[in-house]
Amino acid sequence: MTQRITLAFTGASGAPYGLRLLQCLLDADCEVFVLLSKAARVVIGTETELKLPAGTGQAEQALREWVKTDKGRLVVCGLEQWTAPVASGSGAPAAMVVCPCSTGTLSAIATGASDNLIERAADVAIKEGRKLILVPRESPFSAIHLENMLKLSRLGVTIMPAAPGFYHQPQSVDDLVDFMVARLLDHLGVEQTLVKRWGE
């Protein structure tokens, strides 16, 4: 059965993590609903050579070309597309990842703001008891950030800061990205061969 996953990009640094995760999810024949904040589009354009067009259809095509795979199903949803499946508990995927997750988005999710589709989709994941993974990339964390993470963790949200390990002896930035993506895929229950597990 095709696994359905929501993947949100927000304005924190770390766009390569999200783009690599998207590639791996599509390669695994997942159906991926992509949500992009306005700040995420700026960050993606700053950290990569990918320039995303404004329309959802054009953005889908640009992302598909960037990740270089024709597998899986990719659907880009608008931030105010309240009819998207991810906006309702009856239609939302079983799992959601916000990668990278800005501390502003973290705060909004922690307070149940639901002012845009990213926040609403996360709110749905929490209320329905579905898997929600947040990948913050900030340093240092303030007490406000840590309190929001603790609140969400107590609600069952997985907080996975973008902090790659080095025991796999990375030789490139791509190796560091793959470390984090491998951990995300493990938590999503998607088979991965990017990085060997400890002890293998």
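All values reported here derive from a predicted model rather than from experimental measurement.

*Asks:* Describe in detail the side chain of Thr 69, supporting the description with residues and values.
*Replies:* The topology assignment puts Thr 69 in the loop between helix H3 (56–67) and strand S3 (73–77). Within the structure, the side chain of Thr 69 is placed 3.2 Å from the backbone nitrogen of Lys 71, a separation counted as a polar contact. Those residues within four positions of Thr 69 in sequence are excluded, and the remaining contacts are Gln 23, Leu 26, Asp 27 and Arg 64.

*Asks:* Explain the sheet that holds strand S2 (residues 31–36) residue by residue, including any values.
*Replies:* Spatially, the six strands line up as an open sheet ordered S3-S2-S1-S4-S5-S6, and their pairing is parallel. Two strands in the sheet have a free side with no partner beyond their single neighbour: S3 and strand S6 (158–159). Here strand S1 (residues 4–9) runs beside strand S4 (residues 95–101); their pairing, made up of four bridges, is parallel. Within the sheet, the bridge partner assigned to Thr 6 lies in S4 and is Met 96. Along the sheet face, helix H1 (residues 15–27) touches S1, S2, S3 and S4 and points at about 160 degrees away from the line of S1.

Basis of the calculations
- Residues numbered from 1 in each chain as written.
- Predicted model: local features only at pLDDT ≥ 70, side-chain atom pairs only at ≥ 80, totals over all residues.
- Heavy atoms only, no water.
- Helix = DSSP H or I, 4+ residues; strand = E, 2+ residues; numbered from the N terminus.
- Polar contact = N/O pair within 3.5 Å; in protein donor to acceptor, adjacent residues only side chain to side chain.
- Contact = heavy atoms within 4.5 Å.
- Pairing = 2+ DSSP bridges.
- Axes fitted to C-alpha atoms, helices over the stretch in contact; angles between N-to-C directions.

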